[in-house]
Amino acid sequence: MRELLLPKFNNNDEGCVLVGWTVDDGAAVSADAVIAEVETAKALEELVADADGVLHRLVEAGARCEFGRPVGLLFDSRQERDDYLASLAAAVVTTTHEGEGEGEGHDGDLDPILSDAARALAEDHGIRTEQLRTLGKRVVKAADVQRLIDQGFVDQGTASADPAVVVSLSPRQRAVAAVVSEAHRTIPAAFAAIAVDLTAFRATRGGAAYGLVELLVKAIAARHADFPLFFATPGADHTLTLASAANVGVTVDVGTGLFIPVVKDAARRPIEDLADDLMDFRVSALRQNFREEAFADEAITLSLHNEPDIILAAPLVHPGRTCVVTLCAERSEVALTEDGVPFSRPVTTVAVTYDHRYLNGRDAVRFLTAVKQDLETADAIARLAG
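Quick caveat: nothing in here was measured; it's all calculated off a predicted structure.

Q: I'd love a proper account of the pattern of salt bridges, names of residues and values included.
A: Under the counting rule described, the total for this entry stands at 15 salt bridges. Residue D374 pairs with R223 through a salt bridge whose shortest N-O separation is 3.1 Å. Here R223 lies in the loop between helix 7 (212-221) and strand 12 (232-234) and D374 lies in helix 9 (residues 361-376), a separation of 151 residues in the sequence. D374 gets classed as buried once you look at its relative accessible area, which sits at 3%. A residue is classified by how much of its surface remains accessible, and R223, at 16% relative accessible area, is buried. Overlapping salt bridges, with partners in common, bring together R223, D226, D374 and R383 in one network.

Structure below.
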């Protein structure tokens, strides 16, 4: 692997804007091939590859880049690039399951990465990590820090500005706000939750290359035929369009924003394929390079709230859906045998928030009970995972 450095096109500028890439991310390129266009203060320049390789982009089109800094990576093969992405995804998964560590928070609360100039500027003005997170960016540059300074995000002990701080929502959070407002305005939601004993899952899984999330996706999808209204799209005049396949949208948040990519045809595909999809989703979320088709044809949503100690969550039903299923964190629970002897068992909570115009409480309980049975029974687990 070698870094694709941005050359210094002139002595008057410190950087330039990467106008656009001319080849796809992950494409094979030849030495001296034009792979991007950049704009300096004076001219439009071409960025060429300095060797043969497989391109991996590090910056998005429209980003301002510093001369001498890497804007991409060139791998000797696609396998080498895949191994690199897998290592990044493994780091994300480790952070998700280990909770807070040094320099990191829970999933969705990772510390941003700062350029040298951004770090120096933040230190000079007393900008704290939690303030940098409000930018909603994984990589923070000096211009981003300056925007916080202009908005009053400075250490009050070193600044004479008015102590009042006004925070501007990021474009992504504004989009979330619009969806949430519409959901609250139009959808009369109800909620039900059920406890699931994970003893059989832990006993039968062994060293299988899938986890509880993949198994729950399969269990949800397996109920498509029995509960078609849970997979439907509301229409005009109290009508519903039934989904032809169990396409399950799964929330992904690795600190770069919330995404809901879709596991297609989850009922028919092997669970190993679903595990591969979910890993690819995490990598795409980390690199923020999802393709539009990743979000198409969602029929039902699975919202993951499996950070440690989360025992219950009731997300909103998104417009266009009739329900959203929730998976909470695994926890230990003390139970009693038939003889009254206490023992500890692993459990979790699976819940459903549903549009009460189309689904009733009895339906929600039946649906959750069916999913619970699939997750608690060794034979059902073997069937789903087989």
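Q: How would you summarise the sheet that holds strand 5 (residues 44-48) if you had to cite specific residues and measurements?
A: Sheet strands line up and pair through hydrogen bonds in the backbone, either parallel or antiparallel. What the four strands build is an open sheet, ordered 5-4-2-7; its pairing is antiparallel. With partners counted over all chains shown, the strands left at the sheet margins are strand 5 and strand 7 (64-66), one partner each. The sheet shows a mean angle of 45° between the axes of neighbouring strands, direction not considered. The pairing of strand 2 (residues 15-21) with strand 4 (residues 34-39) spans four bridges and is antiparallel. Looking at strand 4, one finds that L18 is bridged to V38.

Q: Run through the packing of aromatic side chains, naming residues and quoting values.
A: Counted according to the given criterion, the structure contains six aromatic pairs. Aromatic side chains F227 and F230 sit 5.6 Å apart centroid to centroid with 85° between the ring planes, which places their arrangement in the edge-to-face category. Note on accessibility: F227 and F230 belong to one class, buried. A ring pair is formed by F281 and F290, whose centres lie 6.4 Å apart and whose planes are at 50°; its orientation type is tilted. Considered together, F281 and F290 belong to a single accessibility category, that of buried residues. Cluster of aromatic residues (ring-pair linked, three or more members): F259, F281, F290 and F295.

About the thresholds
Within each chain, residues carry numbers counting from 1 in the order of the written sequence. The predicted origin of the model limits local features to residues at a pLDDT of at least 70 and limits the giving and counting of side-chain atom pairs to 80 or more, whereas totals for whole chains, interfaces and linings rest on all residues. Where side-chain values are given, they derive from all heavy atoms of the structure, hydrogens and water being excluded. Whenever Lys or Arg places a side-chain nitrogen within 4 Å of a carboxyl oxygen from Asp or Glu, that contact is recorded as a salt bridge. In this description a helix means any DSSP run of H or I spanning at least four residues, a strand means any run of E spanning at least two, and both kinds are numbered starting from the N terminus. Using a 1.4 Å probe on the protein chains alone, a residue whose accessible area is under 20% of its type maximum counts as buried, one over 50% counts as exposed, and one in between counts as partly exposed. Strand pairing follows a simple DSSP-based rule, namely that at least 2 bridges must link the two strands. For helices, the fitted axis covers only the stretch in contact; all axes are lines through C-alpha atoms, and the angles between them, taken along N-to-C directions, range from 0 to 180 degrees. Pairing of aromatic side chains requires ring centres within 6.5 Å, counting the rings of Phe and Tyr and the six-membered ring of Trp. Pairs whose planes differ by under 30 degrees are stacked, by over 60 edge-to-face, and all others tilted.

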